[in-house]
Amino acid sequence: MADPVGVLDARFSSPGATAPAWSQVLDVLQRAEIYWITTVDPAGAPHVTPLIGVWQDDALHFCTGATERKALNLAVNPQCALTTGTNAIGHGLDVVVHGEAMRFADDAALNRLAEGYVAKYGEDWRFEVAEGAFGGDGRVAVVFQVRPSAVHSYGKGEPFSQTRWTF
C-alpha cells in the first residue's frame, strides 16, 4: 500500500501545526501494546474493551473467543474502531483506526501472524494455528483483520493536531 496523505483539520489543531508523517502513525500502531476496540451490540449500544494486536500487511489483527461479546457483535456488524496512544495530555500521538473487522482464517498467513505476536509480546503469547484459528492450552481464538477505511491521529502537546487519512 502506498502511504496515504494526511489532511490536517485546522479547526482542531494549533496554529502552525502540520500533519504527522504516516511513518509516525505506523510506529504508534506497530508498537502499541494495548488497543481499545469499539463495536456495536445488538441493542445499538457501544461495547468497548481492551485487547492486544499486531499491525501486519497494512492491517490491524486481533483475536478473541468466538463467544465473546466483541466477536458476537462483529458477526452482526463488522464496523469497528480501534484506538491506541497514551493517556497523557501534553505529549504523544493517539491513533484511531476505522474499518470492518473480517475473519482472518488462512493458516499460512495465521502462522506468520502468530510469529508476529511472539515477536511483539513474547513467548506467553505463542499461538498454535489450526483450522483457521489460533489455539493453545485447550482454547480457540478466532482472528480478525481490520484494513483501515480511515485513520485519525491526535497530536498532543504543542502543537496539538488532528489529522485524517483515508484509504
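Residues numbered from 1 in each chain as written. Predicted model: local features only at pLDDT ≥ 70, side-chain atom pairs only at ≥ 80, totals over all residues. Heavy atoms only, no water.

This part takes up the packing of aromatic side chains. In total, this model carries eight aromatic pairs according to the counting rule given. Geometrically, the ring pair formed by phenylalanine 62 and phenylalanine 144 is stacked, given 5.4 Å between the ring centres and 20° between the ring planes. You can see phenylalanine 62 sitting in strand 5 (residues 59-64) and its partner phenylalanine 144 sitting in strand 10 (residues 139-155), a full 82 residues away along the chain. Grouping residues by exposure puts phenylalanine 62 and phenylalanine 144 together as buried. Judged by centre distance (6.4 Å) and plane angle (50°), the rings of tryptophan 125 and phenylalanine 127 are tilted. Residue class for phenylalanine 127 comes out buried when judged on its relative accessible area of 16%. Three or more aromatic residues link up through ring pairs in this structure, and these residues are Tyr117, Tyr121, Trp125, Phe127 and Phe134. (Phe/Tyr/Trp six-rings, centres within 6.5 Å; stacked < 30°, edge-to-face > 60°. Helix = DSSP H or I, 4+ residues; strand = E, 2+ residues; numbered from the N terminus. Buried < 20%, exposed > 50% of the residue type's maximum accessible area, 1.4 Å probe, protein only.)

Looking now at a nonpolar patch on the surface. A surface patch of nonpolar side chains, about 280 Å² in accessible area, is lined by Ile34, Trp36 and Val48. Assignment of secondary structure puts valine 48 in strand 3 (residues 46-51). Using a relative accessible area of 47% as the deciding quantity, one classes valine 48 as partly exposed. (Patch = residues over 30% accessible without salt bridge, like charges linked within 9 Å, V, L, I, M, F, W, Y side chains within 5 Å. Areas by Shrake-Rupley, 256 points an atom, 1.4 Å probe, with all protein chains shown as cover. Salt bridge = Lys/Arg side-chain N within 4 Å of Asp/Glu carboxyl O.)

These results come straight from atomic positions and should not be treated as a statement about function.
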